[in-house]
Amino acid sequence: MLKETHANVESSRSAQSTRARMVDTVYCYFDEVLGQGRLELIDALMTPGVALRGPARPESGAGREGLRRFVRKLRGSAPGVQFALERRAIQGNKVAVRWRAEGSHPGPVPRGLYVFVFEDDRVAELWMHDLDPDSCSAVGLPRRAA
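I will try to describe carefully the structure that is included in this document.

Calculation notes
Residues numbered from 1 in each chain as written. Predicted model: local features only at pLDDT ≥ 70, side-chain atom pairs only at ≥ 80, totals over all residues. Heavy atoms only, no water. Helix = DSSP H or I, 4+ residues; strand = E, 2+ residues; numbered from the N terminus. Contact = heavy atoms within 4.5 Å. Areas by Shrake-Rupley, 256 points an atom, 1.4 Å probe, with all protein chains shown as cover. Expected span 1.5 Å × (residues − 1). Buried < 20%, exposed > 50% of the residue type's maximum accessible area, 1.4 Å probe, protein only. Core = buried A, V, L, I, M, F, W, Y, C linked by side-chain atoms within 4.5 Å. Phe/Tyr/Trp six-rings, centres within 6.5 Å; stacked < 30°, edge-to-face > 60°. Salt bridge = Lys/Arg side-chain N within 4 Å of Asp/Glu carboxyl O.

Some details on the overall build of the protein chain
- Helix and strand counts for the protein chain come out as four helices and five strands.
- Ordering the α and β elements of the protein chain from the N terminus gives α-α-β-α-β-β-β-β-α.
- Contacts in the protein chain between residues at least 24 apart in sequence constitute 49% of all its contacts with a sequence separation of at least 6.
- Of the roughly 7,900 Å² that the protein chain leaves accessible, carbon and sulfur atoms contribute 51%.

This is the structure in structure tokens:
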């Protein structure tokens, strides 16, 4: 009986540490990759074939290099943009995050919802949805297709 209890505790700890690693990866993506332009971190955070999905993403399915192009475009059009994470939810291998952009951009505050799908400790899919496409285009994110 003691071994079963110990196994349950170890399993719970492992799940907690996996969840913590997933959350750390998401925060690193927003803060260091998007916010600071640290493209070298993409290799550590994303699988080689990371799929970028969403209606406003011409880079969809383009892997790490497509993500690098996306980040360069974003940082080129809004170099001072930072992201605040408003809410997050974790279920299984997925982390959903509602974000808002902060910085010196005109117009309404851009907001979005991203879902990160993990394989082991890296992001295998990134679902991107802009909640207000007009405000997102103000900071260089492409407008959602009609």
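As for unusual backbone geometry
- You will see that aspartate 120, though not glycine, has its phi angle at about 55 degrees, which is positive.
- Checked against the element boundaries, aspartate 120 lands in the loop between β4 (111-119) and β5 (122-130).

A few points about helix α3 (residues 63-77)
- Here α3 is 15 residues long and its end C-alpha atoms lie 22 Å apart, about the 21 Å a rise of 1.5 Å per residue gives.
- Gly63, Arg64, Gly66, Leu67, Arg68, Phe70, Val71 and Leu74 are the residues of α3 that are buried.

Focus: the nonpolar core
- Residues Tyr29, Phe30, Leu67, Tyr114 and Phe116 are the most contacted members of the largest nonpolar core, which totals 31 residues.
- At the level of secondary structure, the elements contributing two or more residues to this core comprise α1 (2-34), α2 (42-45), β1 (46-53), α3, β3 (94-102), β4 and β5.
- No other element matches the seven residues that α1 contributes to this core.
- Look past the residues within four positions of phenylalanine 116 in its chain and what remains in contact with it is Val26, Tyr29, Phe30, Asn93, Lys94, Val95, Val97, Val123, Glu125 and Leu126.

What about the packing of aromatic side chains?
- Taken as a whole, this structure holds eight aromatic pairs when the rule is applied.
- Both rings, one in tyrosine 29 and one in phenylalanine 116, keep their centres 5.6 Å apart while their planes meet at 75 degrees; by these two values the pair is edge-to-face. Here tyrosine 29 is found in helix α1, whereas its partner phenylalanine 116 is found in strand β4, with 87 residues between them in sequence.
- Each residue in the set Tyr29, Phe30, Phe83, Trp99, Tyr114 and Phe116 is aromatic and connected to the rest through ring pairs, giving one cluster.

Let's talk about the pattern of salt bridges
- Counted by the stated rule, this structure contains 12 salt bridges.
- Glutamate 86 serves as the salt-bridge partner of arginine 100, at 3.3 Å between the closest nitrogen and oxygen. Remark: glutamate 86 occurs in strand β2 (residues 82-91) and arginine 100 occurs in strand β3; sequence separation between them is 14 residues.
- In this structure arginine 100 comes out as partly exposed when scored by relative accessible area, which is 25%.
- According to the relative accessible area criterion, glutamate 86 is partly exposed, its value standing at 26%.
- Residues participating in the shared-partner salt-bridge network are Asp43, Arg64, Glu65, Arg68 and Arg72.

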